[in-house]
Amino acid sequence: MAGLMVRGLTKHFPGSSKPVLVDFNLAVAPGETVVIMGPSGAGKSTLLRVIDRLLEPDEGEVFWNGIPVHQLQGEQLRRWRRQVGFVFQQHSLFERMTVLENCLLGPRLAGIPEAQARERALAALARVGLAHLADRWPAQLSGGERQRVAIARALSMEPELMLWDEPTASLDPLLVGEVKQCLAALAAERSCAMLVVTHEVGFAWEIASRVVLMEAGRKVEEGEPGELFSHPRTELGRKYRQLISEGLALYLTNK
Amino acid sequence: MAVVTVAAGGLLARGATEAFLARLVEGYLGEENSFDLLVQIHTADAEAGRQALAELLARELPGTRIKVGPALGGQQNYFLTIPAERKTARDLGRLDALLARLSGFSGYTVLMHPVVTVSRVHPAFRPQIQEAASSLSGVKLWFWHGDDLVLLLENPEESAQVSSRLQRLLQRSQVYRLELPVPLAAGELSRLADGVAARLNAGEGGEGTARYQPVPLNGTRSSGGLNGSWGAGDLEQALRAARQVLQLYVTRVELRFPEATNLRSGDRILLVPADLAGEGADAGSQVAAVVAQVTEVASDGTDGQALVVKGQWNGGEAARVFAMKDDRVGAEIGSATIDSPRLKLIAALNRAEQLLTSAQSSGQELPQVLDELEAALRGVEKLLDRVDILFQNSPVEEKDQLLLTLALRVLTEELGLTGGENGERAGTALGEDMAGLDRERLMRLRKGIERLQQQSALADPSQLAPLLVDLKGLSGSLRDLNDGQLGASLLSLEQYLQASTAAGSHLEWRGPAGLAEERLREAVAAELAEAAETLPASARITSLPAGIIQPDARTQLLTVVRSAGRLVNFLSVAVLTLLVLLFDQATVIAAWKVVRRAKQRHVRANRSWERVLVGLRGACERLAPAIYGVCTGALLAGGGSFVGLVLNAAGGRGGDVTTPAGLAQGTAGAFADLGACQLPLIVGALLGLLVALAAERLSPVPEEQIWAGESLGLSYRQILEEIVIPTGRPGLYQLLLAVSRTLFTRARRDRGVRSQAVKRRPGGLYGGTSRGRGPTGDGGTGRERNVEGEGKAWQVSW
């Protein structure tokens, strides 16, 4: 099967008997954008990390285009990671590297010739609207800019799978917009499979091909955003629908 | 690398400190071995003293150079450099006697190097120490300087072993001293000393053991002097005075042996004038037998000293030496130089007499005659001075030569000297001879010369007649003195003064170290037939060392220098270790902790027992950074110190100052003391532990960066080298990594974004070919092969 296939993922953290993920299954087709939502501690970030093998699952399987990712080791695993763009909640930029160097890291690790790598890095920066800041240091950027550089760094690897771990969570509300725009544009391009963890229901409605609701490590509900938020089958779904209603009411009131 | 950095830093600091301080020492003492002695003369006599010193050295130690030093504390200092050929046991052993002749002389210090000095050797242990010094390897020669035995070594490396062996010898024995509140009669003291020794030895178990022996009290300390505090009475002081006078007249023999001799102190030899033909007994039979008794043999056995104890020496200064055994003459064993003050005085008097007679008969100008006369009588003047000093210091009211006669007679009676009538006769004859050296006559002679000097311009040669009479009389008295009697008397006096136990309140015993005071107190009390507790508390018991090992003056100062150097070295090593730990290891340990946590994420544990095991393993792994910190700190500081010590020792500056052996070793002893690394080792381990515990605070490593690095496909090593360490403090690792880091620095320099000196390693970490495969190419897919090819292209583009 093409795209991402997750089967029966289970994960405990050492010293804790409570599972973070329980028998989790998911499939993401190429070009599809799946939004994962759920309360804090539901295991959303853990799921992304397990998929990227940053965390080891206790049980379960992860396939990418039919390749058993859960069995990869060493250099093969690292090579797999280079096909995945991961945007963290925290910016995770390397402070001792310029904006361009941060974005060059992926192409260079992939062994792409220098000129081509630079082109690719600059193009990625241009896509997030920061080409003019290529020679700046991360410390000289605003929070939104930093997060966009993190996105550009992920894009510069020309990934086939993008994992977004609450990319706007640590941002000032005023800066959230530029990141959202960036993400929405990428989703619209449908150039790669995207798995997005977010708390923002409206944003999910806007970009998602599919929404997955998680609670206590389990998938509780899944569906297209319109259907899921209109006719929720679970309590969690209903809570999100209420949030949407309140948000809409607030929006209409303010309007 | 870090250890070398720490060692080099420590060494540099230590070297700079030692060099600076050693230069200060050289400023005070001159360069090593540039001076051998520091002679001190009272400033009041400095000018005359210097002249006398120069004359004395020119005569006795020709070639010796004098440098006038500073005058300090009423003493004028003179630095002497003795020529190498004169640095013999015989010449150096004579220094005490030679320099004592100088007026105003107050002492001298040995500056030779390398030497080991056993200072304040108790007289009871002199023979043992002397014997040990003779048998020790690495000792070039030894000589006595007052109560100090000075051992001149072959080379500085011998210092440690010579010192330690002497130290072991000294530590084995001790002198126990009892000071009684009331003086006891001589006989009682003697009985008490013997009785206590017997009780102590009986307590040691077994008959025939004599581990504790009484020490003769009188004449045992050279510092005792005429008015010494050793409980001597008038008789003893009179005997000491007599000994001094005898020492002026006794005929001394300087012995030289072509091969190391077996002669020992006390052996007798036959002396035959060198110009006399014949062999051994034949030669001896042709002249009146002149027998000498050996008083000292140098450590190398090639020379020695003796006193004429039988016969009258009237030959020249050179003599042949024959061995004697049981009054039979053996083979010729060497040559000798005879030093007879008596003959010299007679020669001087004869010369003076001739000059005066000639002046009287020829009417020669008196001033010129007087100059020559004065030169001739210089020896006589010395005699006059000595006699003056002797009588001024005499404790007896009646200050005339009868005291000496009386003393000698008493001595003869007490000892029976050479036995019965002969002894008495010898003593009496000597007393009469000494009486012949009439002090009145000597004084008259001096006054006559002084008078002539004052009135030389007006003097009439007819006024010389009484002076001539005095000279003749004195010369006659000297001729009558018997060399053999003088020598034998002197030896007898020495023997008596050493062996006798005069009345007094002190007693000493020599024996093994470690005798409890209580045991001695009980033995004394039992011998006095008193209970121990009734022995007056004021009866003090003290223990004295057999001797004390001391380094030479230079070594003492350089020891301080080296101590300062070691302290600086230790502090530098500690500081450098801390810096390396802070700047490098803290980052490494912090990264280790973060990476450990990251790795922990990859552990699969789907069963509960697996999770328990994982938890346990995690706990153990949490200890690992602390253990690493301890080991690294210990390695840095201990290794740095050790390397420093080894390099220092190799450079000739090693040595330990914490032991007597090491203390006496001097500056050039080449050994590295591992014990000296212990403290740095411990301090380094503690610093390492502290840094390990606080590593993540000292050098924070954001965990997100590890996540991000991993997600980009970097290995842990790459994350460490490319991200964590460059982000950490600028330490040694960063400097080293600048060579191997390849990802950005070159490009950055090219762009002029930031200049950073980086040396590109061809085919480096990401160049793709140095390890035989590209960063992503480990075989497999077409894309991978393509990537590998691109990797090469990228490398070329650099």
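Bear in mind the structure is a predicted one, so any value in this text is a computation, not a measurement.

*Asks:* Just give me the short version of the overall build of chain A, but keep the residues and values in it.
*Replies:* Scanning chain A for helices and strands turns up nine helices and 10 strands. Within chain A, buried positions represent 50% of all 255 residues. Of the contacts formed within chain A by residues at least 6 apart in sequence, a portion of 65% connects residues at least 24 apart.

*Asks:* Explain the overall build of chain B to me, using residue names and the numbers behind them.
*Replies:* A count of helices and strands for chain B gives 28 helices and 18 strands. Considering chain B as a whole, with its 798 residues, one finds that 40% of them fall into the buried category. Put simply, 74% of the contacts in chain B that link residues at least 6 apart link residues at least 24 apart.

*Asks:* Could you give an account of the sheet that holds strand β10 (residues 218-223) of chain A, with specific residues and numbers?
*Replies:* All names here are of chain A. Taken in spatial order, the six strands line up as β6-β7-β8-β3-β9-β10 in an open sheet, and their pairing is mixed. Either end of the sheet is taken by a strand with one partner, and the two such strands are β6 (84-87) and β10. Each strand axis lies, on average, 15° off the axis of its neighbour in the sheet, ignoring direction.

*Asks:* Give me the pairing of strand β9 (residues 210-215) of chain A: which residues, what numbers.
*Replies:* Residue and element names in this part refer to chain A. Across the six residues that make up β9, a large majority, five, are buried. Of the pairings in the sheet, the one linking strand β3 (residues 33-37) to β9 comprises four bridges and is parallel in character. Of the residues in β9, the one forming a bridge with valine 34 is arginine 210. Here β9 pairs with β10 via five bridges, running antiparallel. Across the sheet, methionine 214 pairs through a bridge with lysine 219, a residue of β10. Connecting β9 to the antiparallel partner β10 that follows it, the hairpin turn spans two residues, and alanine 216 within it adopts a positive phi of roughly 50°.

*Asks:* Go over the environment of Leu174(A) with me, naming the residues and quoting the values.
*Replies:* Inspection of the secondary structure puts Leu174(A) in helix α6 (residues 173-189). When the 10 C-beta atoms within 10 Å are taken as the criterion, Leu174(A) is described as exposed.

*Asks:* Tell me about the nonpolar core, residues and numbers included.
*Replies:* If you look at the biggest cluster of nonpolar residues, it comprises 115 residues, and the most contacted ones within it are Val35(A), Ile36(A), Leu125(A), Ala152(A), Leu163(A), Met194(A) and Ala591(B). The element that contributes the greatest number of residues to this core is helix α19 (residues 553-600) of chain B, accounting for 16 residues. Discounting residues that sit within four places of it in the chain, Met194(A) has contacts with Thr33(A), Met162(A), Trp164(A), Leu186(A) and Ala187(A). Val39(B), Ile82(B), Leu152(B) and Ala193(B) belong to the second largest nonpolar core, which has 91 residues in total.

*Asks:* Now, about the sheet that holds strand β12 (residues 290-297) of chain B: what can you tell me, with residues and values included?
*Replies:* All names here are of chain B. Strand order in the closed barrel formed by six strands is β10-β13-β12-β11-β14-β15, and the pairing between neighbours is antiparallel. Strand-to-strand twist in this sheet, taken as the mean axis angle between neighbours without regard to direction, amounts to 45°. As paired elements, β12 and strand β13 (residues 303-310) share six bridges and run antiparallel to each other. In the sheet register, glutamate 296 faces β13, and the bridge partner there is glutamine 305.

*Asks:* Explain the confidence of the model for chain B residue by residue, including any values.
*Replies:* Residue and element names in this part refer to chain B. For chain B, the average pLDDT comes to 69, and 57% of its residues sit at 70 or higher. The model gives residues 218-232 a pLDDT under 50, and that stretch makes 32 contacts with residues more than four places away or in other chains. A low-confidence stretch, residues 652-672 stays under pLDDT 50, and its non-local contacts, those more than four residues away or across chains, total 64 contacts.

*Asks:* Tell me about the environment of Arg519(B), and please be specific about residues and values.
*Replies:* The residue Arg519(B) is located in helix α18 (residues 517-527) in this model. Given 15 C-beta atoms within 10 Å, Arg519(B) falls into the partly exposed group.

*Asks:* Give a description of unusual backbone geometry that names residues and reports values.
*Replies:* Residues and elements named next belong to chain A. Even without being glycine, aspartate 23 reaches a positive phi, approximately 45°. Counting through the fold element by element, aspartate 23 comes out in strand β2 (residues 19-28). Even without being a glycine, glutamate 166 presents a positive backbone phi close to 45°. Tracing the chain through its elements places glutamate 166 in the loop between β7 (161-165) and α6.

*Asks:* Can you lay out the pairing of strand β10 (residues 252-256) of chain B for me, pointing to particular residues and giving the numbers?
*Replies:* All names here are of chain B. Side chains of β10 alternate between two faces, with Val253 and Leu255 buried and Arg252, Glu254 and Arg256 left unburied. Pairing of β10 with β13 involves five bridges; the strand directions are antiparallel. Paired with arginine 252 across the bridge in β13 is leucine 307. Here β10 pairs with strand β15 (residues 328-339) via five bridges, running antiparallel. Counted as the bridge partner of arginine 256 is serine 335 from β15.

*Asks:* How would you sum up helix α5 (residues 126-135) of chain B? Please name residues and give values.
*Replies:* All names here are of chain B. Within α5 the residues assigned to the buried category are Ile129, Ala132 and Ala133. Along the long axis of α5, the arc covered by the buried residues comes to 100°, so they all point the same way. Exposed residues lying more than 90 degrees from the buried face of α5 are Pro127, Glu131 and Ser135. For α5, the secondary structure elements touched by its buried residues are β5 (115-119), β6 (139-145), β7 (148-153) and α6 (158-172).

*Asks:* Let's hear about the packing of helix α3 (residues 99-109) of chain A against helix α5 (residues 143-155) of chain A: which residues, and what values?
*Replies:* All names here are of chain A. α5 packs onto α3 with a crossing angle of 30° between their chain directions and a minimal axis gap of 7 Å. Regarding the angle of α3 to α5, the classification is roughly parallel. Between α3 and α5 lies a crossing of right-handed hand. When α3 is examined against α5, the residues Val99, Asn102, Cys103, Leu105 and Gly106 are found in contact with a partner set consisting of Val149, Ala152 and Arg153. By residue class, the composition of the contact of α3 with α5 is five nonpolar, two polar and one charged.

*Asks:* Provide a residue-level description of the environment of Asn201(B), including the pertinent values.
*Replies:* For Asn201(B), the position within the fold is in helix α7 (residues 186-203). Between the C-alpha atoms of Asn201(B) and Arg211(B), which are 10 residues apart in sequence, the distance is 6.1 Å.

Conventions used here
- Residues numbered from 1 in each chain as written.
- Chains lettered and ligands numbered in written order.
- Predicted model: local features only at pLDDT ≥ 70, side-chain atom pairs only at ≥ 80, totals over all residues.
- Helix = DSSP H or I, 4+ residues; strand = E, 2+ residues; numbered from the N terminus.
- Buried ≥ 20, exposed ≤ 12 C-beta atoms within 10 Å, placed from the backbone.
- Contact = placed C-beta atoms within 7 Å.
- Pairing = 2+ DSSP bridges.
- Axes fitted to C-alpha atoms, helices over the stretch in contact; angles between N-to-C directions.
- Core = buried A, V, L, I, M, F, W, Y, C linked by C-beta atoms within 7 Å.
- pLDDT = per-residue confidence, 0-100.
- Arc of directions from axis to C-beta.
- Parallel < 35°, antiparallel > 145°, perpendicular 65-115°, else oblique.
- Left-handed = near helix turned anticlockwise from the far one by under 90°.
- Nonpolar A, V, L, I, M, F, W, Y, C, P; charged D, E, K, R; others polar.

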